[in-house]
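Below, each chain spelled out in residue letters.
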Amino acid sequence: MAAIANRMTFDVVIVGNAALGLGTAYFLRQQDPSVSIAVVGPSHRRGAATTTAGAMINCWAEIAHGQFENPALADRAELTIAAHGLWDAHAAALSEFDAEPLKVGWTTYILNNALGSPHEVRAVDYIIETMSKRGVKHDVVAPDSVPWLKPEQRGQATRVVRCPDGHIDSRKVLAAYERFCAARNVVQFDATVDKFEVGMRLPFGSADKTLTLSDGSKLTTKTVVLANGSFAQALVDQVPGLRREVPRLLWGAGSGIDVTFPGWVHKYGGLDPTALEIDAVVRTTDRGGACGVHLVPYGRGEYYLGASSGVWFEPEHQPRLHAIHVLMRSVVEEINKGFFWCTVGLRGPGFRPVSMDTFPLLGQSHLPGVWFANGTKRDGFTLSPYICRELARDILSGQSALPKRFAPSRKLISFKNKEQALDDYVSADLGGEIQHGLQLPPYAHARYRDAIRKTAESIYAKRGIEGFGIHPELIHLYENDEFYAACNHPRDKAV
Ligand SMILES: Cc1cc2nc3c(=O)[nH]c(=O)nc-3n(C[C@H](O)[C@H](O)[C@H](O)COP(=O)(O)OP(=O)(O)OC[C@H]3O[C@@H](n4cnc5c(N)ncnc54)[C@H](O)[C@@H]3O)c2cc1C
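Cut-offs used in this document
Residues numbered from 1 in each chain as written. Predicted model: local features only at pLDDT ≥ 70, side-chain atom pairs only at ≥ 80, totals over all residues. Heavy atoms only, no water. Helix = DSSP H or I, 4+ residues; strand = E, 2+ residues; numbered from the N terminus. Expected span 1.5 Å × (residues − 1). Buried < 20%, exposed > 50% of the residue type's maximum accessible area, 1.4 Å probe, protein only. Arc of directions from axis to C-beta. Near = heavy atom within 4 Å. Polar contact = N/O pair within 3.5 Å; in protein donor to acceptor, adjacent residues only side chain to side chain. Areas by Shrake-Rupley, 256 points an atom, 1.4 Å probe, with all protein chains shown as cover. Domains from an automatic or database assignment. Contact = heavy atoms within 4.5 Å. Buried area = accessible area lost by both parts, 1.4 Å probe. Salt bridge = Lys/Arg side-chain N within 4 Å of Asp/Glu carboxyl O. Nonpolar A, V, L, I, M, F, W, Y, C, P; charged D, E, K, R; others polar. Axes fitted to C-alpha atoms, helices over the stretch in contact; angles between N-to-C directions. Parallel < 35°, antiparallel > 145°, perpendicular 65-115°, else oblique. Left-handed = near helix turned anticlockwise from the far one by under 90°.

**Student:** So what exactly am I meant to see when it comes to helix H12 (residues 445–462) here?
**Tutor:** End to end, H12 covers 26 Å across 18 residues, agreeing with the expected 26 Å (1.5 Å per residue, within 8%). Listed in full, the buried residues belonging to H12 are Ile452, Arg453, Ala456, Ile459 and Tyr460. Buried residues in H12, looked at end-on, bunch into an arc of 110°, giving them a common side. In H12, the exposed residues that point more than 90 degrees away from the buried face are Ala446, Arg447, Lys454 and Ala461.

Okay, here's the thing in structure tokens:
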């Protein structure tokens, strides 16, 4: 590091101090002890996705129906599978920097029940098929053989699949990264980057990037990594060349709940004491765009219950009532009645970094030295060791196994093809509405599906979109004129 007054120069400046930012600093330092590295991010981490996540190491349970039949979606899934395999060693290596050993709690139970939509049954069929094909050990277990699965009558499970996904407390992982940085000469700034200038007065290839921090200090560098999630858009907007070429980042808002059994339940017993014994993640699959209802055990009768989901154009910093309501009802109805007595604390909203095609933004942009570790949406914590390791390799040596199709300066990648995207939109919409209480008389199902599809088709028609599939969670951004004007971006043809 070189310093003149409050101006400092580093080889690499990482913007963002959560899973992707600190993870990149960790792997850069592991791979090169001599490079000078700064990480900028506020210690409060307001709105961070990483600290709002449960956090599941979610790989197999996240696979969506038809995932491997589409090249971009298949690449996305392969990233998660590669990351899944790194976690044991990663947690063990980070343990040196934590007060107690960091360990992934493996095992996840996936539930199907009559409260989900037909789409969930199809998703679990596909997950089982994929795991079987790939020789991944899993079991389909009888619901009544799981001792703590005690839902209400209407939420009885119809199928339970035990798979090798896991969980680890993301806050402990971040704390270990911070201690690592402090011990290994990675400079951490408790601030935000408020101003980002590229190539001002200096030729590309020199320390031509200037970042002005909220405390007024200035960092100059040749290499910047934008790893500050959805917040990165405010910096991208300051560099017109980037803004034009990189799909916009949106706010994938999600809240969760910390649920805790009070002391008196431990002492005297509650409604159903088996609720204290859940030692693995219990979850549904994706529901209407959210990562399903999921319960993550932290031990001692403490759990994380997540998560809501909505892709927004602007952030909102308070959880919405309907989002929290769904989770509270679901845990009792679908997992264990004993949760009735729990105390609750709200987490979030945190913002999943969602790009305008929902695919990640990984690697160097068309502007030399401006890198992205971003757009990881709802499984970026799981992905982080793999993405950060490969990104660090790319920065240092120009070699990386990250798929080129996710390079940040690109056209929008089609979500499947238009017809498939419309089908998925109908399923996703229905899944979301059922979660919020929709009940239809038998004769109205087909009519309801048709109406949803027609609405979506009219949005495609309004924007003249053919040969491209819009991800179901983004279609409202194409509907609203103001959002569309801000988010519209060149589109690649569906393959
Ligand atoms: C409710 C919820 C549940 C989730 N559950 C899971 C899960 O179970 N498993 C999983 O794998 N993933 C999960 N995810 C997704 C996952 O959390 C994200 O994909 C991932 O954590 C993104 O990490 P990040 O470091 O890119 O961004 P973030 O975690 O959002 O961190 C961005 C950081 O940048 C900082 N920052 C913001 N602005 C600036 C600035 N101007 N300058 C410097 N720093 C700045 C912020 O303070 C923050 O610390 C979940 C997300 C949510 C919201």
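**Student:** Hey, could you run me through the site of the ligand in this one?
**Tutor:** Around the ligand, a shell composed of 37 residues is seen, among which Asn17, Thr50, Met56, Lys377 and Thr382 lie nearest. Contact distances for the ligand include 2.7 Å between an oxygen atom and a backbone N or O atom of Thr382. If the ligand stood free it would expose 1,000 Å²; the protein chains cover 98% of that surface. With 4 residues, the single largest contributor to the shell around the ligand is strand S17 (residues 343–355). No fewer than three residues from each of domain 1 (2–50 + 171–248 + 356–406) and domain 2 (105–165 + 251–355) sit in the shell around the ligand.

**Student:** How should the domain arrangement of the protein chain be read in this particular structure?
**Tutor:** Accessible area lost on assembly of the parts is the figure often given for the size of an interface. For the protein chain, the domain assignment lists domain 1 (2–50 + 171–248 + 356–406), domain 2 (105–165 + 251–355) and domain 3 (418–487). The distance between the C-alpha centroids of domain 1 and domain 3 comes to 35 Å. Tallying the contact residues gives 6 residues for domain 1 and 7 residues for domain 3. Three residues, Arg248, Met356 and Thr358, lead the burial of domain 1 against domain 3; their summed loss comes to 76% of the area buried on that side. The tally of links between domain 1 and domain 3 comes to 1 salt bridge. Ionic pairing is found between Glu473 and Lys377, a salt bridge with its closest N-O pair at 2.9 Å. Split by residue class, the side of domain 1 that touches domain 3 holds 1 nonpolar, 1 polar and 4 charged.

**Student:** Would you mind showing me how to read the packing of helix H2 (residues 71–84) against helix H10 (residues 380–397) here?
**Tutor:** Any two packed helices are characterised by how steeply their axes cross, that is the angle between the axes, and by the distance between the axes. Here H2 crosses H10 at 80°, and the two axes come no closer than 8 Å. As the angle between them shows, H2 and H10 are arranged roughly perpendicular. Contacts from Arg76, Leu79, Thr80, Ala82 and Ala83 of H2 reach H10 at Thr382, Leu383 and Tyr386. Taken together, the residues of the contact of H2 with H10 break down into 5 nonpolar, 2 polar and 1 charged.

**Student:** Is there a simple way to think about the packing of helix H11 (residues 418–435) against H12 in this case?
**Tutor:** For the pair H11 and H12, interaxial distance at closest approach is 9 Å and the crossing angle is 130°. As the angle between them shows, H11 and H12 are arranged oblique. Between H11 and H12 lies a crossing whose hand is right-handed. Residues Lys418, Glu419, Ala421, Leu422, Asp423, Tyr425, Val426, Ser427, Asp429, Leu430 and Glu433 of H11 touch H12, and the partners they reach there are Tyr448, Arg449, Ile452, Arg453, Ala456, Glu457 and Tyr460. Taken together, the residues that form the contact of H11 with H12 break down as 9 nonpolar, 1 polar and 8 charged.

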